[in-house]
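Residue strings, one per chain:
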Amino acid sequence: IIVPAYNEEVNACRTVASLLQQDYPNLQVIFVDDGSRDNTFKTVSETFAGDPHVQVHTKPNGGKASALNYGIHIANSDFVICIDADTQLKNNAVSELMKKFTGEEIAAVAGNVKVGNEVNLITRWQSIEYITSQNFDRRAFELLNCITVVPGAIGAFRKDAVIKAGAFITDTLAEDCDLTMRLHRHGYKVANCNEAISYTEAPENMKQFLKQRF
């Protein structure tokens, strides 16, 4: 599991701890600090020092896509799962994602993102939006093999397919959508898994919300 992070000292340790509760065997967590200005790297390094299931790395700031690529290239597994540093996974999420890789033609599996901080009208509205788009739209898109986005909050990938497609690129604001489209262009299929649930932090005020959507 690749966890890119920038200034996430508040959420990062909780996220990594939740990943260690997964029921999938032989799991390796690769935490990549993307040149944070706060104590993200120091906090995570000290918290998980000596844990054989967690690798903690830091690199100069280059954006989320570069941090994901850094983690993917040092991962020694055939499959990688990319999540956000403010995301919690249900403890069977990885197992559910891996069940969907039933053939070589499947390059990626989109998980199910839910809002974990339903605290006001803005976040509750986003929760309804997430449920609608992922439980209805993406199920239909899977039947037609036209899923446009494997979400950054929870997505599983066949590593060699990602590298063949050119990995994540840094000259876009939507690196998850961009990679998904390139996987389609290379003839791969993208599956959906509603049972693989993640809980993410949605913007809580209008300024954050408009920035995210822009």
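What counts, and at which threshold
- Residues numbered from 1 in each chain as written.
- Predicted model: local features only at pLDDT ≥ 70, side-chain atom pairs only at ≥ 80, totals over all residues.
- Heavy atoms only, no water.
- Salt bridge = Lys/Arg side-chain N within 4 Å of Asp/Glu carboxyl O.
- Helix = DSSP H or I, 4+ residues; strand = E, 2+ residues; numbered from the N terminus.
- Buried < 20%, exposed > 50% of the residue type's maximum accessible area, 1.4 Å probe, protein only.
- Core = buried A, V, L, I, M, F, W, Y, C linked by side-chain atoms within 4.5 Å.
- Contact = heavy atoms within 4.5 Å.
- Phe/Tyr/Trp six-rings, centres within 6.5 Å; stacked < 30°, edge-to-face > 60°.
- 1 Å grid on protein atoms, 1.4 Å probe; cavity = no way out; pocket = protein on both sides within 12 Å on 5 of 7 lines; lining within 4 Å.
- Points joined across faces, edges and corners; volume = space filled by probe spheres on them.
- Nonpolar A, V, L, I, M, F, W, Y, C, P; charged D, E, K, R; others polar.

Taken as a whole and judged by the stated rule, the model has eight salt bridges. The salt bridge partner of lysine 64 is glutamate 175, with a shortest N-O separation of 3.8 Å. Of the two residues, lysine 64 is situated in helix α3 (residues 64-74) and glutamate 175 in helix α7 (residues 175-185); the sequence distance between them amounts to 111 residues. With a relative accessible area of 29%, lysine 64 lands in the partly exposed category.

Now for the nonpolar core. Most often, soluble globular proteins have nonpolar side chains that are buried together. One finds Ile1, Val3, Leu97 and Val109 to be the most contacted residues of the largest nonpolar core, which totals 34 residues. Secondary-structure elements contributing two or more residues to this core are β1 (2-5), α1 (12-19), β2 (29-34), α4 (93-99), β6 (106-115) and β8 (189-200). Leaving out residues up to four positions away in the same chain, leucine 97 has contacts with Ile81, Val109, Ala110, Gly111, Ile154, Ala156, Cys193 and Ala196.

Here the focus is the packing of aromatic side chains. Applying the stated criterion to the full structure yields three aromatic pairs. A ring pair is formed by tryptophan 125 and phenylalanine 209, whose centres lie 5.7 Å apart and whose planes are at 80 degrees; its orientation type is edge-to-face. With tryptophan 125 in helix α5 (residues 121-143) and phenylalanine 209 in helix α8 (residues 206-213), this pair connects stretches of sequence that are 84 residues apart. You can call tryptophan 125 partly exposed: its relative accessible area is 47%. Considering the side-chain rings of phenylalanine 157 and phenylalanine 168, the 6.0 Å spacing of their centres and the 80 degrees angle between planes classify their relative orientation as edge-to-face. Of this pair, phenylalanine 157 sits in strand β7 (residues 155-158) while phenylalanine 168 sits in the loop between α6 (159-164) and α7, placing them eleven residues apart in sequence. Look at phenylalanine 157 and you get buried, because its relative accessible area is 3%.

Moving on: unusual backbone geometry. Of note in this structure, asparagine 26 is not a glycine but carries a positive phi near 55 degrees. The residue asparagine 26 is located in the loop between α1 and β2 in this model. According to the relative accessible area criterion, asparagine 26 is exposed, its value standing at 80%. Not every positive phi belongs to a glycine, and asparagine 145 is a case in point at roughly 50 degrees. With respect to the element layout, asparagine 145 can be found in the loop between α5 and β7.

This part takes up the layout of surface pockets. One number sums up the size of the largest pocket: a volume of about 2,200 Å³. Lining the largest pocket are 49 residues, and of these Lys64, Asp84, Leu173, Glu175 and Gln212 sit closest to its centre. Where the lining of the largest pocket is concerned, the elements lending two or more residues are β1, α3, α5, α7 and α8. Of the residues forming the lining of the largest pocket, the biggest block, seven residues, is contributed by α5.

Take empty space enclosed by the protein next. The tally for this structure, following the rule as stated, stands at one cavity of 30 Å³ or more. Quantified by volume, the largest cavity comes out at close to 40 Å³. Sorting the residues of the lining of the largest cavity by element identifies α3 and α7 as the ones contributing at least two each. Class assignment for the residues of the lining of the largest cavity results in six nonpolar, one polar and three charged.

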